[in-house]
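# Fold and geometry: a report
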Amino acid sequence: MQTLQLEPFKGVKKVTQEEYFTSGHRTCQGCESALVMKLMVKAAGPRTVVLGSTGCMYVANTTYYSTSWVVPWMHTQLGSSGSAAVGTAAALKALMRKGKILQEPVNVIAFCGDGGGVDMGLSAISAALQHEGYNLLILCYDNESYANTDIQVSGSSPWGVNTTFSPPGKKHRIMNRRWKKNMAGMLAAGHPTCRYVATVDASFAVDMMNKVRKALSIGGPTFIHSLDPCPKGWDYDPMLSHELGELAVETGIWPLYEVEDGKLGFYSKSKAIAAGRKRKPVREYLERQGRFAHFTEEDVEFFQQKTDAMWEKWLIPGVIPFTPEEKAALRVAVE
Ligand SMILES: Cc1ncc(C[n+]2csc(CCOP(=O)(O)OP(=O)(O)O)c2C)c(N)n1
Ligand code: SF4
Ligand SMILES: [Mg+2]
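These remarks concern the structure in this document. Being a predicted model, the structure only gives us computed values, none of them experimental. (Residues numbered from 1 in each chain as written. Chains lettered and ligands numbered in written order. Predicted model: local features only at pLDDT ≥ 70, side-chain atom pairs only at ≥ 80, totals over all residues. Heavy atoms only, no water.)

### Focus on the overall build of the protein
This is how the line gets drawn: Strands here mean DSSP runs of E at least two residues long; helices mean DSSP runs of H or I at least four residues long; both are numbered from the N terminus. Atoms counted for the radius of gyration: C-alpha only. Globule rule: 2.2 Å times the number of residues to the power 0.38. Burial classification: accessible surface area is computed with a 1.4 Å probe over protein chains only, and a residue below 20% of its type maximum counts as buried, one above 50% as exposed, and the rest as partly exposed. Whether two residues touch is decided by their heavy atoms; if any such pair falls within 4.5 Å, the residues are in contact. Here, Shrake-Rupley sampling with a 1.4 Å probe gives the accessible areas, and only protein chains in the shown set may cover a residue. For the purpose of counting charges, residues Lys and Arg are taken to be positive, whereas Asp and Glu are taken to be negative. His and the chain ends are not included. By convention, the charge on Lys lies at NZ, on Arg at CZ, on Asp at CG and on Glu at CD.
Scanning the protein for helices and strands turns up 13 helices and eight strands. Scaling as 2.2 N^0.38, a compact globule of 335 residues should have a C-alpha radius of gyration of about 20 Å, and the protein matches this with 20 Å. Each of the three principal axes of the protein carries a C-alpha extent, and together these read 65 × 50 × 40 Å. In the protein, buried positions account for 52% of the 335 residues. Across the protein, every contact between residues at least 6 apart in sequence was considered, and the portion connecting residues at least 24 apart equals 72%. By element, 56% of the accessible surface of the protein is carried by carbon and sulfur atoms, the whole surface being about 15400 Å². Measuring between centres, the 37 positive side-chain charges of the protein sit 5 Å from its 33 negative side-chain charges.

Okay, here's the thing in structure tokens:
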């Protein structure tokens, strides 16, 4: 099945004017995930079907009898972005084969939040990435919590963060002791049938849209993971969303990379960092957010060390953990 061939936008002035996710939604002021929806579908264009799992980007964008979506859109259950994407792509294929609809390339994009994708829907996404016969993109908008139900911790929440399920207490200051799950790396490493995996950040908007266009053009099942500052859950002034998105990359906390046909490439500021550019201290990112306000000097230092280790000790900096030495040690331990 052919895909639409979407050429990359060569700079912000070349981006199309048309909007397929418009005003009128009810997301919070400064919500980066709403911007991700707008850019994602702008990049995809009008011949697109969007499926959205439960979460802020469902609830706030579809009030009874009204929606911001201009393209066809359907809500799907919280953990099922993967199965909804496969089902829709299969249905379109069958309808075209039977001559019931025009034979033409149609983009299928299923989005999910981190709760719905990194946690609950991981198995369905994994299965979807093995269905080579269908063209579909799964985009995870990651605001690092179950935001819609009042900011509960997820497997994608950062270490030490204050959420409604991990509030700092007198006895235990740090309640979330897990380092953020390595979603894109895990999917790229474990799904040889998936031709394209990328991480994006809407503060680098043209890059982000071009990653969406590339994923849709390459065809087969593809995956994009977007880090989305969330003023409510991260507790900061809404005007800082763009700055926080930039800082996440500049501090090295969120590396921008793509894996195309098994080949890894860093891009944007992460490319310079991978080549040796100094990263900004994580403190600059952490101290702008109320969700880290309980951090002591020791906590900031720990966060910095863990981030440094991602770049200095991992097999592929910021992407795949374990050094060759650590891997060898693991093998010896198993033998
Ligand atoms: C099976 C199921 N369990 C729980 C819920 C309640 N629920 C609705 S939205 C949501 C949060 C989803 O979090 P995430 O996927 O990260 O999206 P966000 O709200 O952050 O945009 C939850 C737990 C549900 N709708 N379905
Ligand atoms: S809680 Fe966060 S993700 Fe949800 S609408 Fe508000 S800013 Fe956006
Ligand atoms: Mg979320």
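Structure's up, so let's keep going.
### Quick notes on helix α1 (residues 32–44)
Stated precisely, the cut-off is as follows: An expected span of 1.5 Å times one less than the residue number is assigned to each helix.
Taking 1.5 Å per residue as the helical rise, α1 with its 13 residues ought to reach 18 Å, and the 18 Å between its terminal C-alpha atoms agrees with that figure. Among the residues of α1, those classed as buried are Glu32, Ser33, Ala34, Val36, Met37, Leu39, Met40, Val41, Lys42, Ala43 and Ala44. Note on α1: the residue one or two positions beyond its end, Gly45, has a positive phi of about 90 degrees.

### Quick look at empty space enclosed by the protein
As a reminder, the rule being used: Computed over the protein atoms alone on a 1 Å grid, cavities are sets of points where a 1.4 Å probe fits but cannot get out and pockets are open sets with protein on both sides within 12 Å along at least five of seven lines; a residue lines them when it has an atom within 4 Å of a point. Grid points are joined across faces, edges and corners, and a volume is the space filled by probe spheres set on the points. Any residue that is not Ala, Val, Leu, Ile, Met, Phe, Trp, Tyr, Cys, Pro, Asp, Glu, Lys or Arg is counted as polar, Gly included; the first ten are nonpolar and the last four charged.
On inspection of all chains with the given rule, the structure shows two cavities of 30 Å³ or more. Within this model, the largest cavity holds a volume of roughly 270 Å³. Every residue lining the largest cavity is counted, 22 residues in all, and those nearest its centre are Lys180, Lys181, Ile253, Trp254 and Met310. Every element with two or more residues in the lining of the largest cavity is listed here: α6 (183–190) and α12 (297–312). Within this model, the second largest cavity holds a volume of roughly 200 Å³. Lining the second largest cavity are 22 residues; nearest its centre among them are Met1, Ala89, Val106, Val108 and Asn135. Contributions of two or more residues to the lining of the second largest cavity are made by α3 (81–97), β3 (107–113), β4 (136–142) and α7 (205–218). In terms of residue count, the dominant contributor to the lining of the second largest cavity is α3 (four residues). Residues that form the lining of the second largest cavity fall into these classes: 13 nonpolar, eight polar and one charged.

### Quick notes on the side chain of Lys42
Condition: Each polar contact in these results corresponds to two N or O atoms within 3.5 Å; when the atoms are within protein, one needs to be able to donate a hydrogen and the other to accept it, and residues that are neighboring in sequence are counted only if both atoms are side-chain atoms.
On the secondary structure map, Lys42 appears in helix α1. In this structure Lys42 comes out as buried when scored by relative accessible area, which is 9%. Here the side chain of Lys42 touches Gln17 through a polar contact of 3.5 Å, landing on its backbone oxygen. Not counting the four nearest positions on each side in its chain, Lys42 is found in contact with Phe9, Val15, Thr16, Gln17, Glu18, Glu19, Tyr20, Met209 and Arg213.

### Some remarks on the environment of Leu35
Position of Leu35 among the secondary structure elements: in helix α1. Residue Leu35 is classed as partly exposed on the basis of its relative accessible area, which comes to 30%. Through-space distance from the C-alpha of Leu35 to that of Met186 is 26 Å; in sequence the pair is 151 residues apart.

### Some thoughts on the environment of Ala91
By the element assignment, Ala91 lies in helix α3. Residue Ala91 is classed as partly exposed on the basis of its relative accessible area, which comes to 38%. Taking the C-alpha atoms as reference points, Ala91 and Met186, separated by 95 residues in sequence, lie 29 Å from one another.

### Quick word on the site of ligand 1
Here is the rule: Throughout, near means a residue has at least one heavy atom within 4 Å of the molecule or strand.
Around ligand 1, the surrounding shell holds 17 residues, and the nearest of these are Gly115, Gly116, Tyr141, Ala147 and Asn148. Here an oxygen atom of ligand 1 sits 2.9 Å away from a polar atom, N or O, in the main chain of Cys56. One nitrogen or oxygen atom from the main chain of Ser145 is found 3.0 Å from an oxygen atom belonging to ligand 1. Surface burial for ligand 1 is 75%, taken as the share of its 590 Å² of free accessible area covered by protein chains. It is helix α4 (residues 114–120) that provides the largest number of residues to the shell around ligand 1, a total of four residues. Its residues assigned to classes, the shell around ligand 1 shows six nonpolar, 10 polar and one charged.

### Some details on a positive patch on the surface
The following threshold applies: Patch criteria: residues need more than 30% relative accessible area and no salt bridge. Like-charged residues are merged within 9 Å; nonpolar side chains of Val, Leu, Ile, Met, Phe, Trp and Tyr are merged within 5 Å. Basic side-chain nitrogens of Lys or Arg form a salt bridge, by our definition, when they fall within 4 Å of a carboxyl oxygen of Asp or Glu.
Taken together, the side chains of Lys93, Arg97, Lys98 and Lys100 present a region of like positive charge at the surface. Within the secondary structure, Lys100 is located in the loop between α3 and β3.

### Digging into the packing of α1 against α7
Condition: Convention adopted: a line fitted to C-alpha atoms gives each axis, helices being fitted over their contacting stretch, and angles between N-to-C directions are expressed from 0 to 180 degrees. Note that the term roughly parallel is reserved for angles under 35 degrees, roughly antiparallel for angles over 145, roughly perpendicular for angles of 65 to 115, and oblique for everything else. Crossing handedness follows the turn of the near helix against the far one: under a right angle anticlockwise gives a left-handed crossing, and clockwise gives a right-handed one.
Between α1 and α7, the least distance of the axes is 8 Å, while the angle of their chain directions is 50 degrees. In terms of axis orientation, α1 runs oblique to α7. For α1 against α7, the interelement crossing comes out right-handed. Between α1 and α7, the contacting residues are Val36, Leu39, Met40, Lys42, Ala43 and Ala44 on the first element and Ala205, Met208, Met209, Val212, Arg213 and Leu216 on the second.

Geometric descriptors of this kind do not, in isolation, establish any biological role.
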